[in-house]
Amino acid sequence: MAEEMTSLMSLEDELTCSICLCPFDCPVTTPCGHNFCQDCLFTTWKENYSCPQCRTHFSTKPELKKNTVLSTVMETFRLRASKSDSSITVKETMKPEEPKPERVVCDTCMEATAVKTCLTCMASFCEDHVRPHKENPIFSTHQLSDPLGDLRERICTDHHKLMEFYCTQHRRCICSVCLQQVHKGCQFSTPDEQRAFQESDMRNKLGMLDGKIEKNRNVVSEMKSQQSKLKDTASSKKKVLEGDYRQLREMLDREEREALNTVDREQESGQTKLQGLMKKFDQNIDKMSGARDEINNLLSQSESLAFLQASVDLPSQAAFDPYAPRVNLDSKAIAASQAFAAVLKEHLFHIFNQPVEARLQILRPGRAEGTPRPPRSHSPGAALRAGQKKKSDRKTDSKDQKGDKTKKQPFQSTPTPKEYPKATCEEPRNKDKPELSKMPPNITSVAKRHDLLQYGTVLTLDGKTAHKRVCLSENFTVATVSDEPNAYPDCPARFSVCSQVLCTKGFSRGRHYWEVKMSSNNFVGLGLAYNSIDRKGPASRLGRNAQSWCVEWFNVKLSAWHASSETVLLNPNPSRVGVLLDCEEGTATFYNVADRATPFHSFVFPFAEAVYPAFWIFSNGSSVSLCKLQT
């Protein structure tokens, strides 16, 4: 007895709250692992949140949950402590009690424990009262089983009979009356058979789940292996990229050093030349100073005879007027280095502003058959040399054209206002037309407008593509946007979302030039588009898809757009814009046309199909006009 009390006292010390020093009441556990009464802990947490025992600080109020195991131990402790005569030790009170089998009482005497249950009589009997069922032949047909405590749950609530069948259609246990009435015609089996079937089904499901779990674990293992491989592959690719870019930097550094050395050598040569000339002029000054001193000495002679007998010869240097020579750093090597650096910078700027996926296509554009193009030169002097090479040929051809005025007229069709112009895929080819040079004008240099006009072409706007807000006038050469829609007939080629219009001609060969006059430099876009461009969706706007290219003025900002990629440009605020399209080279260059044509942007792209001049006008009252080109 004394030993039990000692054990209880030692257990009480372990089950005491350190705040109230009383046995735990609704114990909770903090994140640091200490236990307290819930009310005691909340009382201490008024200004900050920390553990009263180890002083661990929590930045926010922790979410506490009841310690169910400790609560069960406390209930057992209180129960055992109240019974001092109990022989259960403290160690046994800490163990959870095992569930005892339910005692079934005999339905006849209501006192003794039942040993059998009769499923026919629907009653349980003890050893004495079950004897008639075992000895009397009358009860030989009765079905005896082990004592059942849930006998009432096995009785049908509607007919008060044993539910000895299972309806597989409605998935419920039924009695014999239910089988003949409500569930007549349903498929049925015994509960034992149904249990065996469901157990088999569940075991199959367990087997399937085990297989799936194993497969998922194998997949996780494979993904972990892939993580390791990805890490190794990324490391190797980074090394390759680092090596490539390091070589690029080394090449650029080497070119920079060579260009700077060229300037240094030119500067040194110029300074050496100037030093030699300065030395020569110093000698001339000395000689002329000596002659001047002799003249001054003669002028100071008082005797006339001596003065008249003396003579002074002027040095030859006095017969020439001196001038400072111009020594500039304008050698061909320096000019070529500067031009190369400017073109390379522009080219790289254009490439780096494109998505990574499109850069390789710019550097290695494919031919129409899918074969790679041979590399072409973008050097600043290439276009000039090509133009000079073909200059004599153009003069010869122009003389031939003067003899036949009919050959000088370009192919065109002038539409009447009552009908739309017929769209054509390409400008007709003239066999007597002079051959054009192979290279377009240089994007980095100002071009003579006369040189561009030789590629001039006549354009008209296609009324079948015009948005209903776009009004066409002056023989389909002027497009104006307004808020009032026009009564255009609906057709698949018409733009229905964006106020845009295409031209009737599309180009897939040759070189073509046209000029456009804008009423304002805001909310206007000029560009090119495939005939397959979307007409209905929001992606039909020029430059917002892979089928169109445009330069666009939006809120006074000038941008180049293609495939929804924007490149912000310097805005020259032009009122007249020229466009040179070179189908063979795959370039479209935009010029600010005034006294001369100054390029401000160029698209480089391979042609997959014919491209059509395209226009977007948004602001009410704004207009674009196709200019008549005169050489």
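Residues numbered from 1 in each chain as written. Predicted model: local features only at pLDDT ≥ 70, side-chain atom pairs only at ≥ 80, totals over all residues. Heavy atoms only, no water.

J.: What am I meant to see in the overall build of the protein here?
T.: Within the protein, the secondary structure is distributed over 13 helices and 23 strands. Scored against the burial criterion, the 631 residues of the protein give a buried share of 32%. Contacts in the protein between residues far apart in sequence, at least 24 positions, make up 58% of those at least 6 positions apart. (Helix = DSSP H or I, 4+ residues; strand = E, 2+ residues; numbered from the N terminus. Buried < 20%, exposed > 50% of the residue type's maximum accessible area, 1.4 Å probe, protein only. Contact = heavy atoms within 4.5 Å.)

J.: How do you make sense of the sheet that holds strand 10 (residues 188–189) when you look at a structure like this?
T.: Where strands meet in a sheet, backbone hydrogen bonds hold them as pairs that are either parallel or antiparallel. Read across the sheet, 3 strands follow the order 9-8-10 without closing on themselves; strand pairing throughout is antiparallel. The outermost strands of the open sheet, each flanked by one partner alone, are strand 9 (172–174) and strand 10. Two strands pair when backbone bridges link them, and strand 8 (residues 165–167) and strand 9 are joined in this way by 3 bridges, in the antiparallel orientation. Note that in strand 9 the partner of F165 across the bridge is I174. (Pairing = 2+ DSSP bridges.)

J.: Where do I start with the pairing of strand 17 (residues 557–562) in this structure?
T.: Note on strand geometry: in a regular strand, side chains alternate between the two faces of the sheet. With respect to burial, strand 17 is a largely interior element, 5 of its 6 residues being buried. Strand direction decides the pairing type here: strand 16 (residues 548–554) and strand 17, joined by 6 bridges, are antiparallel. Opposite W553, over in strand 17, you have L558 as the bridge partner. Taking the residues that link successive antiparallel strands as the turn, the strand 16-strand 17 hairpin has 2 residues, and the phi of N555 there is positive, at about 55°. Here strand 17 folds back onto strand 18 (residues 565–569) in antiparallel fashion, the turn holding 2 residues, of which A563 has a positive phi close to 55°.

J.: Looking at this model, I keep getting lost on helix 7 (residues 191–299). Mind explaining?
T.: Because the α-helix completes a turn every 3.6 residues, residues three or four places apart line up on one side. A rise of 1.5 Å per residue sets the reference length of helix 7, with its 109 residues, at 162 Å; its end C-alpha atoms lie 153 Å apart and thus fit the reference within 8%. Within helix 7 the residues assigned to the buried category are Q194, G243, T262, G270, N284, A291 and L298. Close packing links the buried residues of helix 7 with strand 8, strand 10, helix 8 (304–309) and helix 9 (332–352). (Expected span 1.5 Å × (residues − 1).)

J.: Can you walk me through the pattern of salt bridges in this structure?
T.: Once their charged atoms are close, side chains differing in charge can pair, the charge on each being opposite to the other. Counted according to the given criterion, the structure contains 15 salt bridges. With a closest N to O distance of 3.0 Å, R544 and E552 form a salt bridge. E566 is paired through a salt bridge with K557; the nearest N and O atoms lie 2.9 Å apart. With relative accessibility at 32%, the residue E566 sits in the partly exposed group. Several salt bridges share partner residues, and in doing so they unite R195, E199 and R203 into one network. (Salt bridge = Lys/Arg side-chain N within 4 Å of Asp/Glu carboxyl O.)

J.: Hey, could you run me through the confidence of the model for the protein in this one?
T.: As a note on interpretation, predicted positions should not be read in detail where pLDDT is low. Scored by pLDDT, the protein comes out at a mean of 79, with 81% of its residues at no less than 70. The lowest-confidence element of the protein is helix 11 (residues 380–389), averaging 40 in pLDDT; the highest-confidence one is strand 13 (residues 500–502), averaging 97. In this model, residues 85–95 is a region of pLDDT below 50 whose contacts with residues beyond four sequence positions or in other chains number 17 contacts. (pLDDT = per-residue confidence, 0-100.)

J.: Any chance you could explain the sheet that holds strand 13 here in plain terms?
T.: Strands sit in the order 13-22-15-16-17-18 across an open sheet of 6 strands; the sheet is antiparallel. The strands lining the two open edges of the sheet, one partner per strand, are strand 13 and strand 18. Between one strand and the next, the sheet's axes are offset by a mean angle of 20°, whatever the strand orientation. In terms of strand pairing, strand 15 (residues 524–530) meets strand 16 through 6 bridges, oriented antiparallel. For G525, the partnering residue across the bridge sits in strand 16 and is E552. (Axes fitted to C-alpha atoms, helices over the stretch in contact; angles between N-to-C directions.)

J.: What's the story with unusual backbone geometry in this structure? I'm lost.
T.: If a residue is not glycine, its phi is most likely negative; likewise, a peptide bond is most likely trans. The phi dihedral of R171 falls on the positive side, at around 60°, and the residue is not glycine. Relative to the helices and strands, R171 resides in the loop between strand 8 and strand 9. Even without being a glycine, A563 presents a positive backbone phi close to 55°. With respect to the helices, strands and loops of the structure, A563 is situated in the loop between strand 17 and strand 18.

J.: How do you make sense of the packing of aromatic side chains when you look at a structure like this?
T.: The relative placement of two aromatic rings is captured by the distance of their centres and the angle of their planes. One pass over the structure, following the stated rule, counts 13 aromatic pairs. Arranged with centres 5.7 Å apart and planes meeting at 90°, the rings of W45 and Y49 form a pair that is edge-to-face. You can call Y49 partly exposed: its relative accessible area is 23%. Ring geometry for W549 versus F605: centroids 4.0 Å apart, planes at 15°, classification stacked. Of this pair, W549 sits in strand 16 while F605 sits in the loop between strand 21 (597–604) and strand 22 (611–617), and the two are 56 residues apart along the sequence. F605 matches W549 in its accessibility class, with the two residues each being buried. Aromatic ring contacts, followed pair by pair, group F523, F554, W616 and F618 into a single cluster. The ring of F618 carries the charged tip of R469 above its face, separated from the ring centre by 5.9 Å. The residue whose ring lies beneath R511 is Y455, and the NZ or CZ to ring-centre distance is 5.0 Å. (Phe/Tyr/Trp six-rings, centres within 6.5 Å; stacked < 30°, edge-to-face > 60°. Lys NZ or Arg CZ within 6 Å of the ring centre and 35° of its normal.)

J.: Would you mind showing me how to read the state of the cysteines here?
T.: In protein structure, a disulfide is the covalent linkage between the sulfur atoms of two cysteines. Counted under the stated rule, the structure contains 0 disulfides. Free cysteine C26: the closest other cysteine sulfur is in C37, separated by 8.4 Å. Among the residues examined, C26 registers a relative accessible area of 31% and is labelled partly exposed. (Disulfide = S-S within 2.5 Å.)

J.: Looking at this structure, how should I read the nonpolar core?
T.: In summary, soluble globular proteins display a tendency toward joint burial of nonpolar side chains. L472, L526, V551, L581, F615 and V624 are the most contacted members of the largest nonpolar core, which totals 40 residues. Tallying contributions element by element places strand 15 first for this core, with 4 residues. If sequence neighbours within four positions are ignored, V551 has contacts with V524, G525, L526, L558, S559, A560, L569, F590, F600, H601 and F603. L15, C51, L70 and M74 belong to the second-largest nonpolar core, a separate cluster that totals 16 residues. (Core = buried A, V, L, I, M, F, W, Y, C linked by side-chain atoms within 4.5 Å.)

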